[in-house]
Amino acid sequence: MSAGASPSEALAASLLARLPAAVARPGYDRAALAAGMAHIGVGAFHRCHQADYTEDMLSQRFDRWGVVGINIREPWLGETLGRQGGLYTRLLKRDDRVEARVVGNLVSIVDSQQDARPALSVLASSEIELATLTVTEKGYCHRPADGALDGERPEIVHDLAHPEAPDSLPGLLVRALEMRMQSHGRPLTLVSCDNIPANGALLERVVTSLAERRGGGLAAWIRGNAAFPSTMVDRIVPATAAADIDAVERRFGYRDAAVVAGEPFRQWVIENRAAGRMPPWDLAGAAFVDDVTAFEHLKMRVLNAAQSTLATLGLLAGHAHTFEAVADPLLLAFVRRMLVEESVPTLRPVPGVDATAYVETSLERLRNRAIRHRNHQIATDGSQKIVQRLLNPLKERLARGEAADCLTVATAGSLAYLLRASRRFGARWTAADPYADRIAGIAEASGGDMRGLVDGILGIQAIFDPALAANQRFRDGLGHSLAGLVGPDPVGFLKDFMAARPLKPARQTG
Ligand code: CS2
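Scope of this entry: the structure provided in the associated data block. As the structure is a computational prediction, the values presented were derived from the model and not from experiment.

The secondary structure content of the protein chain amounts to 21 helices and 15 strands. For the protein chain, the C-alpha radius of gyration of 24 Å lies close to 24 Å, the compact-globule estimate for 510 residues. Dimensions of the protein chain, computed from C-alpha atoms along their principal axes, come out at roughly 65 × 65 × 55 Å. Looking at the 510 residues of the protein chain, the share that counts as buried comes to 56%. Taking the contacts inside the protein chain whose residues are at least 6 apart along the sequence as the reference set, 76% of them involve residues at least 24 apart. If you average the places of the 58 positive and of the 58 negative side-chain charges in the protein chain, the two averages end up 2 Å apart.

The subject of this paragraph is the site of the ligand. Within the structure, the ligand sits among 13 residues, and Asp-234, Arg-235, Lys-299, Gln-307 and Lys-385 are positioned closest to it. Between the ligand and Asn-195, the relevant distance is 3.2 Å, taken from an oxygen atom to a side-chain nitrogen or oxygen of the residue. Within the side chain of Gln-307, an N or O atom sits 2.8 Å from an oxygen atom of the ligand. Considering the ligand on its own, with 350 Å² of exposed area, one finds that the protein chains cover 87% of that surface. Contributions of two or more residues to the shell around the ligand are made by strand E11 (231–234), helix H10 (293–316) and helix H15 (382–399). In terms of residues, the shell around the ligand owes the most to one element, H10, which gives four residues. Broken down by class, the residue content of the shell around the ligand amounts to four nonpolar, four polar and five charged.

The biggest cluster of nonpolar side chains holds 78 residues, and the ones touching the most others in it are Phe-334, Met-338, Leu-419, Ile-457, Phe-464, Leu-485 and Leu-494. Ranked by size, the runner-up nonpolar core spans 40 residues in total, among them Ala-119, Leu-120, Leu-202 and Leu-218.

For the rest of this paragraph, the subject is the packing of H10 against helix H13 (residues 355–366). In the contact formed by H10 and H13, the axes pass within 10 Å of each other and the chain directions differ by 35°. Of the two elements, H10 crosses H13, and the hand of that crossing is right-handed. On H13, the residues touching Leu-298, Lys-299, Val-302, Leu-303, Ala-306, Gln-307 and Leu-310 of H10 are Ala-355, Tyr-358, Val-359, Ser-362, Arg-365 and Leu-366. A breakdown of the residues in the contact of H10 with H13 according to their chemical character gives nine nonpolar, two polar and two charged.

Describing an aromatic ring pair means giving the distance of the ring centres and the angle of the ring planes. Summed over all chains, the structure comprises five aromatic pairs. Taking the centre distance of 5.8 Å and the plane angle of 65° together, the rings of Phe-334 and Phe-497 count as edge-to-face. Taken as a pair, Phe-334 in helix H12 (residues 329–343) and Phe-497 in helix H21 (residues 490–500) lie far apart in primary sequence, 163 residues in all. For the residue pair Phe-334 and Phe-497, the accessibility class agrees, reading buried in each case. Members of the aromatic cluster, joined through ring pairs, are Tyr-53, Trp-268 and Trp-281. The lysine or arginine in question, Arg-266, covers the ring of Tyr-53, its NZ or CZ lying 3.9 Å from the ring centre.

The next thing to look at is the environment of Leu-494. Mapped onto the fold, Leu-494 is located in helix H21. Relative accessible area serves as the criterion here: at 3%, Leu-494 is assigned to the buried category. Remark: the alpha-carbon pair of Leu-494 and Arg-47, spanning 447 residues in sequence, is separated by 38 Å. Not counting residues within four places of it along the chain, the set of residues in contact with Leu-494 comprises Leu-313, Leu-330, Leu-331, Phe-334, Val-409 and Leu-485.

All right, on to the side chain of Asp-234 then. Mapped onto the secondary structure, Asp-234 falls in strand E11. Within the local environment of Asp-234, its side chain forms a polar contact with the side chain of Arg-365, the two groups lying 2.9 Å apart. Excluding residues within four positions of it along the chain, Asp-234 makes contact with Phe-45, His-49, Phe-265, Arg-266, Gln-267, Lys-299, Leu-303, Tyr-358 and Arg-365.

Glancing now at the packing of H10 against helix H16 (residues 405–419). The interhelical angle for the contact between H10 and H16, taken along N-to-C directions, is 60°, at an axis separation of 9 Å. Our classification of the angle between H10 and H16 gives oblique. Handedness of the crossing formed by H10 with H16: left-handed. When H10 is examined against H16, the residues Thr-309, Thr-312, Leu-313, Leu-315 and Leu-316 are found in contact with a partner set consisting of Ala-410, Gly-413, Ser-414, Ala-416 and Tyr-417. Considered class by class, the residues forming the contact of H10 with H16 number six nonpolar, four polar and no charged.

Once that is clear, we can look at the environment of Ala-124. Relative to the helices and strands, Ala-124 is located in the loop between helix H4 (117–123) and strand E8 (130–133). Classification of Ala-124 by relative accessible area gives buried; the value is 11%. When the C-alpha atoms of Ala-124 and Leu-177 are compared, they prove to be 6.7 Å apart, with 53 residues separating the residues in sequence. Setting aside its immediate chain neighbours within four residues, Ala-124 contacts Ala-176, Met-179, Arg-180 and His-184.

Evaluated as defined, the whole model comprises 41 salt bridges. Two residues, Asp-52 and Arg-90, come together in a salt bridge whose shortest N-O distance is 3.0 Å. Taken together, the positions of Asp-52 in helix H2 (residues 50–60) and Arg-90 in strand E5 (residues 88–94) put the pair 38 residues apart, joining distant regions of the chain. For Asp-52, a relative accessible area of 2% puts it in the buried group.

Attention now goes to helix H17 (residues 436–446). Turning to H17, its buried residues number three or more, namely Ala-436, Ile-439, Ile-442, Ala-443 and Ser-446. An end-on view of H17 places all buried positions within 125° of arc, on one side of the element. Turned more than 90 degrees away from the buried face of H17 sit Asp-437 and Ala-445, all of them exposed. On its buried face, H17 sits against H16 and helix H18 (450–458). Just beyond H17, the residue with positive phi is Gly-447, at close to 60°.

Conventions we followed
- Residues numbered from 1 in each chain as written.
- Predicted model: local features only at pLDDT ≥ 70, side-chain atom pairs only at ≥ 80, totals over all residues.
- Heavy atoms only, no water.
- Helix = DSSP H or I, 4+ residues; strand = E, 2+ residues; numbered from the N terminus.
- Rg over C-alpha atoms; globule rule 2.2 N^0.38 Å.
- Buried < 20%, exposed > 50% of the residue type's maximum accessible area, 1.4 Å probe, protein only.
- Contact = heavy atoms within 4.5 Å.
- Lys, Arg positive; Asp, Glu negative; His and termini not counted.
- Charge placed at Lys NZ, Arg CZ, Asp CG, Glu CD.
- Near = heavy atom within 4 Å.
- Polar contact = N/O pair within 3.5 Å; in protein donor to acceptor, adjacent residues only side chain to side chain.
- Areas by Shrake-Rupley, 256 points an atom, 1.4 Å probe, with all protein chains shown as cover.
- Nonpolar A, V, L, I, M, F, W, Y, C, P; charged D, E, K, R; others polar.
- Core = buried A, V, L, I, M, F, W, Y, C linked by side-chain atoms within 4.5 Å.
- Axes fitted to C-alpha atoms, helices over the stretch in contact; angles between N-to-C directions.
- Left-handed = near helix turned anticlockwise from the far one by under 90°.
- Phe/Tyr/Trp six-rings, centres within 6.5 Å; stacked < 30°, edge-to-face > 60°.
- Lys NZ or Arg CZ within 6 Å of the ring centre and 35° of its normal.
- Parallel < 35°, antiparallel > 145°, perpendicular 65-115°, else oblique.
- Salt bridge = Lys/Arg side-chain N within 4 Å of Asp/Glu carboxyl O.
- Arc of directions from axis to C-beta.

Bear in mind that shape data such as this cannot, by itself, settle questions of function.
Structure, rendered in structure tokens:
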């Protein structure tokens, strides 16, 4: 904008008809769109993934599937999106190419962070047939070790004492279902879209076990009138940067405070299970299947494992973003080898997918220079993420007597990331992780002795399964890798590791 020019117009319904041709707009009559579903947690991922599918679906078959957005945790978006009439710009970026669309299916939005009533009145309404949710792993209030509802969590204790004013997500859903049972009695499908394995089964477990504790036939009603399909969701959507907001203004001439930016690739696999009507997201390319497990493993053990490994080893090697880490030949060779030789052989076949080709597609996605995914963002909550991404395949391989040296180094990378945040190892950065303090305490107590350090860390049962922690090959490999990665030359350690193990010859074809 030149100096003295008036500020650009803000995105609003009145601007829709005047958007530049390069920005796609809703392909349906937005004024006629009525709310039929809700979404809890209207952050960037939802707005760039499920909402993008809904937008395509509505353009193909218009129906009463407008979305009411509900926020029960930060961010506070009600005001921003409300001012824009629920509209926002979704950018898809690949290197120098950008594709823009204004998404219109968010018909209203409520902030319910401090008071559950706005969320309850939406979720209990007879018009709402289904709710999707992205609330992060912590939102489920389960014990990570066994997936059961954590009855000791203060929010759960609170919600049992005050069920009509819930603090937790399970408490909110149980109360909403109770209100439905007591009023119109219509069923509700609850679709978890968090990147956690068997997310629907987990949601069902925490909701029904809280309802059981409440008593009064509520759990039985929920069993008969609610459904919790599991889903696998995929699209890389980093936190929106100020540069994305500025780019919209510069390129398209309007101001949008709720821009989201992701990669072109997207995938959504949904378990075929519903308590009523299911939106026909398959019209937009989503797949309804009987069992999502194999898809989840593929995604978490390949794409997500690559991301976590590139993030932590990348930071140790001085790279701030994933696209920079994957452009480093040493890191690329390490990750490809880990995936091809160790992770892929643990996967069950996925219909229609060649896992080796999936590895290459995943690495190609990560090379996208326009997706400036901060390695620190991916490393956030790493202690929780590595269980599915690295430790489960590692455990399976060791149990079968197979080598898992690369997965062990990658695990050490995640731990080295946490250790380098501790005072003992130089406080190089701040790590946002529920186990950061505990690991810093172990580092301090070990006085720098590697054996004590490994014993202490592997003693955290919520992360390390006892059978894995007891495996001598793993313990030795982890100690050796940790010493190399927290030492003065982590890159030198990785070079030596790769040099000591020549790559397996490529598979013969033809
Ligand atoms: C990332 C994921 O931050 C992270 O943990 O690995 O958010 C990843 O980008 C998505 O799962 C891709 O679908």
